[in-house]
Number of protein chains: 2
Amino acid sequence: MIKNAIVGQSGGPTAVINASLAGVYETCKNFGIKTYGMKNGIAGLLKEHLVDLETVLPGELEIELLKRTPSSYLGSCRYKLKNADENDADYVEIFRILEKFNIGYFFYIGGNDSMDTIAKLSAYAQKIGSEIRFIGVPKTIDNDLAVTDHTPGYGSAAKYIATVMKEIIHDISVYDTKSLTIVEIMGRNAGWLTAASALSTGEDCAGPDLIYLPEIPFDTEEFLTRIQSLQETKKNLIIAVSEGIKTKDGRYVCELSADETVVDAFGHVKLTGVGRFLENLVAQRLKIKVRSIELSTLQRCAGHLTSRTDVTEAYQAGGAAVPAALGGNTGKMVVLKRLSDTPYQCTTDLYPIGEIANLEKTMPLSWIDVENLQMKQEFLDYVRPLIQAELPPIYLSGLPYHIRLDV
Amino acid sequence: MIKNAIVGQSGGPTAVINASLAGVYETCKNFGIKTYGMKNGIAGLLKEHLVDLETVLPGELEIELLKRTPSSYLGSCRYKLKNADENDADYVEIFRILEKFNIGYFFYIGGNDSMDTIAKLSAYAQKIGSEIRFIGVPKTIDNDLAVTDHTPGYGSAAKYIATVMKEIIHDISVYDTKSLTIVEIMGRNAGWLTAASALSTGEDCAGPDLIYLPEIPFDTEEFLTRIQSLQETKKNLIIAVSEGIKTKDGRYVCELSADETVVDAFGHVKLTGVGRFLENLVAQRLKIKVRSIELSTLQRCAGHLTSRTDVTEAYQAGGAAVPAALGGNTGKMVVLKRLSDTPYQCTTDLYPIGEIANLEKTMPLSWIDVENLQMKQEFLDYVRPLIQAELPPIYLSGLPYHIRLDV
C-alpha cells in the first residue's frame, strides 16, 4: 500500500515558507502521494490537528496564492521535543498518530529547532524499527543554518531590508539640516540581515554610513566618537544596527538599558530595543537630532516584496525533499548548493541533520570591513544573486490577496 | 518675452510627491516654458539654490524614474514666512530672485504650511503689483487638507498601511497562543491613515480588532476592558492606533508616559510612542503577551508599493497647476474633485487658497462605528478607489532604482 506524507511548518514565519510547502505538496501529488498538513507543527500533530491538503489546495490558483502568502499557512509552534531517553511519551504518541494516518514520509519546514525535531524523530524511528522517513526543509530569514549556502527566506528579507533602507535614505535626506537615523534590524547572533542593508549602496543611494553586526564587539564610546566625527562632514547620517550587537564582554547592548519598572507578562524585565537605546544615548551625549526606526516583523512577512529567486529556491527545497524521502533517506536536511557565481546557479543537495542542527552560522569576519564598518565585496557578491527578480502579489481590490487556512 | 516657471517641494515627503513634480515640469515643457526647481523649497530659493530641470531631467527615462522615486527629489524645508506687514525682508529677497530669473509662474507642492506660503506670496505680489502667479499643489499622506476630496500621497500610504496590516496579521496568527499586537500609525490630529487599516478586513483577513482614531477621545480603562473582554474569545488580537489619540481632556495619550530623564537635542522631554505606552500598560495591567509595532517613516516613503491611482492623480494635480497659472490664476490650490463613485471618476479643480490654508480636515464622525471601533462602509467606499492598481518600481540588480539630485 502506498504510504501518505505529512508536512508541517515551525518556528518564526518568513515570506516564502509557503513556497516550500507548495513544493512539498505539488511534488508529492506528482508522485501520487496523499499529503496531510499538520496544523501548528508537531504541537498540533500531537492533538491530531491534521488537514488533507488536497481539500484545501485543490487547484493551481490556490498554489499560486500559497506561494504569495507570507507567514506559515499551516500555523507554527515552538515545541521542543524532550530527549527520548528521558521521556518518550511525545514520541510514542507521534508515532501512533503517524501509523494511524499511514504516514511514510514526514517533512518539516523550519530553522534550527525544527531540524532538531527531525533529528530526534528520525533517530527514534531507527530505534523502534519504524520505516517512516524524516526530511527537513530549511527556512529562516536569519540565514544562520550551517552547511546550506543560504536559507530560503533570507533572500526576500535581504531584498526587503535593502529596499526600505534606500527609501528611508531618500526620506531622511530631504531637509538641509543635520540628523542621525538608526535603523534596527533583526538578528540576535548573526549579522546576515543587517549586512544586507549594504546592498542599498549604489550610484543612486549613499547607503548606510555604518553597519553594526553582532559579530563585531560594540563599544559605546567608540560609537559616539564615530558619529561625532562623521556628522562634521555629512548632514544626514544613517546607520544599520543589528538587534543583537554585544559588548566586548558578551552582553547584549540592549540589556544595558534594562528598565526595571517595566516587566512583561512573565515578570521579566522588559528591554528597550537597541535602536531606542542608542537613540537616547546620542540625544543625551551628542545633542544632535536623532531618531530610531525598528524594521520589526515586516522584515519576515513582507509578502508584497519577495525575491523571485528566493521563492523559486524555497519551492525547490520543498520539492527536493520528496524524492529524497522516496529514495530511502531519513534524518537529512535539504541544503542549497551554489554551483556557480557567474552566472549564479544553485541546486539542492542532502546533508545529515545531526551535523547541522544546533549549529549557528555567523558572518565570516573576512567579509566585514571592520575599520569602516561596511561590508566587503565578498559579501555583496554572495548576497546579490539571492535578491534577484520579483514575484508580484495577486492584487484584488487594490491589495495583495492571500490564502488562509480556515479549517 | 515668455516667462519661466519655478517649482518647489515642501513639508514631509510622500511616495508620490515627485509625480506631481513630473506633472508640473512636463506640462510646462509642453507649453514651451523653461522650469527651474528650487532646492529645499523657499529656504533654498532664498539662497538662490536653483536647478534647471531640463538639465537634470532630460528624457523620458528620468521622468519615469522620478514618478517612482519616493520623498522630495528637490529636497524640502519647514520654513514659515513671517507676515509681510511685520517683516518683509524675505519677500523682498524672494521677489528679487524671481525677477532675476524671469519667473512668471511659481508652483509649490506641499501641505498646509506650503499653502500658507502660497497665500502669503500671492497676497504680497498683489500688493506690490507683481504679475507672478502662485499656485499650490496639494501633497500629504495625512489627507487633512480641506476642500480637496483627498490629497495626493494619501492613497499610496493607505494602500501601504492596509497591505502591511494584512501581512502582520498573517504573521501574528501562526502560533496557537494568546497575544496582542498594537500597530501605531501616523496622524497627529486626523485618523485618515489609521482608518485605512480597515481596508485589510476581507474574506482572506480578519482585519484589526479595534481601530483607535484621534477623533474619538481615548479612555485607558475602557481600552483595557475591551482588550480583556476580546481576548476571552479570540487568540491573536491586533489593534490599529493613531499616534495622535487623545484623552477626553485633550492630552495626547503618548504624553501620559513622559519620561523626564530622556530629553531630545533641544532639551524637550522625549515622548514614548503611543504604541509603546499601551504595550507597557497592557503588560503591567493585563499580564498578556503584547508587543507594539510602529509603522514609522515607511508609511510615507514606500515607493515600492504605491497606488497607481494616486501616482496618476498626483501627476494630474501638478500638471493642472500649469494651465491654471497660464490662465491668470494666482493664490489658488489645485484640488481633486470626485465626479462619481461608481465608477470612480476624479478630476482637478481650483480653489482660493485663503479658504484652505491652516484648516485641518478630520474624519467625519458619522464614518466611525464608535461602538465597535471600526470604520463604516461610507469610509471604505470613499477610500477603496484611491488604492487601486500599482506602479511597480524599475528594478536594477534586484532593487528599485531611483533618481537623485546630485547638483
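For the structure itself, consult the block above.
What counts, and where the lines are drawn
Residues numbered from 1 in each chain as written. Chains lettered and ligands numbered in written order. Predicted model: local features only at pLDDT ≥ 70, side-chain atom pairs only at ≥ 80, totals over all residues. Heavy atoms only, no water. Helix = DSSP H or I, 4+ residues; strand = E, 2+ residues; numbered from the N terminus. Rg over C-alpha atoms; globule rule 2.2 N^0.38 Å. Buried < 20%, exposed > 50% of the residue type's maximum accessible area, 1.4 Å probe, protein only. Contact = heavy atoms within 4.5 Å. Areas by Shrake-Rupley, 256 points an atom, 1.4 Å probe, with all protein chains shown as cover. Lys, Arg positive; Asp, Glu negative; His and termini not counted. Charge placed at Lys NZ, Arg CZ, Asp CG, Glu CD. Axes fitted to C-alpha atoms, helices over the stretch in contact; angles between N-to-C directions. Parallel < 35°, antiparallel > 145°, perpendicular 65-115°, else oblique. Nonpolar A, V, L, I, M, F, W, Y, C, P; charged D, E, K, R; others polar. Buried area = accessible area lost by both parts, 1.4 Å probe. Salt bridge = Lys/Arg side-chain N within 4 Å of Asp/Glu carboxyl O. Polar contact = N/O pair within 3.5 Å; in protein donor to acceptor, adjacent residues only side chain to side chain. Least-squares fit on C-alpha atoms with pLDDT ≥ 70 in both. Phe/Tyr/Trp six-rings, centres within 6.5 Å; stacked < 30°, edge-to-face > 60°. Lys NZ or Arg CZ within 6 Å of the ring centre and 35° of its normal. Pairing = 2+ DSSP bridges. Expected span 1.5 Å × (residues − 1).

**A closer look at the overall build of chain A**
- When helices and strands are tallied, chain A shows 13 helices and 17 strands.
- Over its C-alpha atoms chain A spans a radius of gyration of 23 Å, differing by no more than 12% from the 22 Å that the globule rule assigns to 407 residues.
- Taken along the three principal axes of its C-alpha coordinates, chain A extends 75 × 45 × 40 Å.
- The buried share among the 407 residues of chain A stands at 63%.
- The long-range fraction of contacts in chain A, counting pairs at least 24 apart against all pairs at least 6 apart in sequence, stands at 76%.
- Surface summary for chain A: the accessible area is close to 15,000 Å², and the carbon and sulfur share equals 50%.
- Counting 41 positive and 51 negative side-chain charges, chain A places the centres of these two groups 2 Å from one another.

**A closer look at the packing of helix H5 (residues 89-100) of chain B against helix H6 (residues 112-128) of chain B**
All names here are of chain B.
- Direction vectors running N to C along H5 and H6 enclose 80°, while the axes themselves pass 11 Å from each other. It follows that H5 is roughly perpendicular to H6 by the angle criterion. Two secondary-structure elements touch here, H5 through Tyr91, Val92, Ile94 and Phe95 and H6 through Lys120, Leu121, Tyr124, Ala125 and Ile128.
- Partitioning the contact of H5 with H6 into residue classes produces eight nonpolar, no polar and one charged.

**Describing the interface of chain B and chain A**
- Contacts between chain B and chain A engage 75 residues on the former and 75 residues on the latter.
- Regarding the contact of chain B and chain A, the summed buried area is about 6,000 Å², with carbon and sulfur atoms giving 52% of it.
- On the chain B side of the interface with chain A, the three residues burying the most area are Glu167(B), Tyr175(B) and Leu399(B), jointly 11% of the side's total.
- Ionic pairing is found between Asp171(B) and Arg300(A), a salt bridge with its closest N-O pair at 2.7 Å.
- Where chain B meets chain A, there are 38 residue pairs in polar contact (both at pLDDT 80 or more).
- Where the side of chain B that touches chain A is concerned, the elements lending two or more residues are helix H7 (154-172), strand E9 (259-263), helix H10 (274-285), strand E11 (290-294), helix H11 (298-301) and strand E17 (399-400) of chain B.
- Looking at the side of chain B that touches chain A, the element that brings in the most residues is H7(B), giving 10 residues.
- Taken together, the residues of the side of chain B that touches chain A sort by class into 31 nonpolar, 23 polar and 21 charged.

**Observations concerning the relation of the copies chain B and chain A**
- With an RMSD of 0.0 Å, the operation that places chain B on chain A is a rotation of 180° combined with a shift of 0.0 Å along the axis. Put plainly, the chains are arranged around a two-fold axis. Across chain B, the smallest distance between a C-alpha and the rotation axis is recorded for Glu294(B), namely 3.8 Å.
- Take the interface residues of chain B: 100% of them recur as interface residues in chain A, which is what a same-surface contact looks like.

**A few points about the packing of aromatic side chains**
- A complete count under the given rule lists 32 aromatic pairs over all chains for this structure.
- Here the aromatic rings of Tyr154(A) and Trp192(A) are separated by 6.3 Å at their centres, their planes lie at 75°, and the arrangement is edge-to-face. Of the two residues, Tyr154(A) is situated in helix H7 (residues 154-172) and Trp192(A) in helix H8 (residues 192-195); the sequence distance between them amounts to 38 residues. Residue Tyr154(A) shares its accessibility class with Trp192(A), and that shared class is buried.
- Pairing Trp192(A) with Tyr382(A) gives two aromatic rings, centres 5.5 Å apart and planes at 45°, and the pair type is tilted. Here Trp192(A), found in helix H8, pairs with Tyr382(A), found in helix H13 (residues 377-383); they are 190 residues apart in sequence, far enough to count as distant.
- For Tyr382(A), a relative accessible area of 7% corresponds to the buried category.
- Taken together, the ring pairs in this structure connect Tyr91(A), Phe95(A), Phe106(A), Tyr108(A), Tyr124(A) and Phe134(A) into an aromatic cluster.
- Between Arg188(A) and the ring centre of Tyr252(A), over which it is positioned, the NZ or CZ distance is 4.3 Å.
- Geometry around Tyr315(B) places Lys67(B) over its ring, the cationic atom sitting 5.2 Å from the centre.

**Here we look at the pairing of strand E13 (residues 345-352) of chain A**
Residues and elements named next belong to chain A.
- Bridge count between strand E12 (residues 332-340) and E13: eight bridges; the pairing is antiparallel. Following the sheet pairing, valine 334 is matched in E13 by leucine 350.
- As consecutive antiparallel partners, E12 and E13 are separated by four residues.

**A short note on helix H1 (residues 17-30) of chain A**
Residues and elements named next belong to chain A.
- Given a rise of 1.5 Å per residue, 14 residues ought to cover 20 Å, and the 20 Å separating the end C-alpha atoms of H1 matches this to within 8%.
- Of all 14 residues making up H1, 11 are buried, and the element is well covered by its neighbours.
- Taken together, the buried positions of H1 are occupied by Ile17, Asn18, Ala19, Ser20, Leu21, Ala22, Gly23, Val24, Tyr25, Thr27 and Cys28.
- Backbone geometry just downstream of H1 places glycine 32 in the positive-phi region, at approximately 75°.

**Concerning the sheet that holds strand E7 (residues 210-212) of chain A**
Residue and element names in this part refer to chain A.
- The four strands lie next to each other as E7-E8-E6-E11, forming an open sheet whose pairing is parallel. Of all strands in the sheet, those with a lone pairing partner are E7 and strand E11 (290-294), marking the two edges. Sheet twist, expressed as the average angle between the axes of neighbouring strands with direction ignored, equals 20°.
- Sheet topology places strand E6 (residues 179-185) next to E11; five bridges connect them, and they run parallel. Counterpart to isoleucine 182 in the pairing with E11 is serine 292.

**Considering the pattern of salt bridges**
- A complete count under the given rule lists 47 salt bridges over all chains for this structure.
- The residue Lys47(B) makes a salt bridge to Asp176(A) at a minimum N-O spacing of 3.4 Å. Taken together, the residues span two chains, with Lys47(B) in the loop between helix H2 (41-45) and strand E3 (50-52) and Asp176(A) in the loop between H7 and E6.
- The class of Asp176(A) is partly exposed, set by a relative accessible area of 33%.

Shape descriptors only; they carry no functional weight alone.
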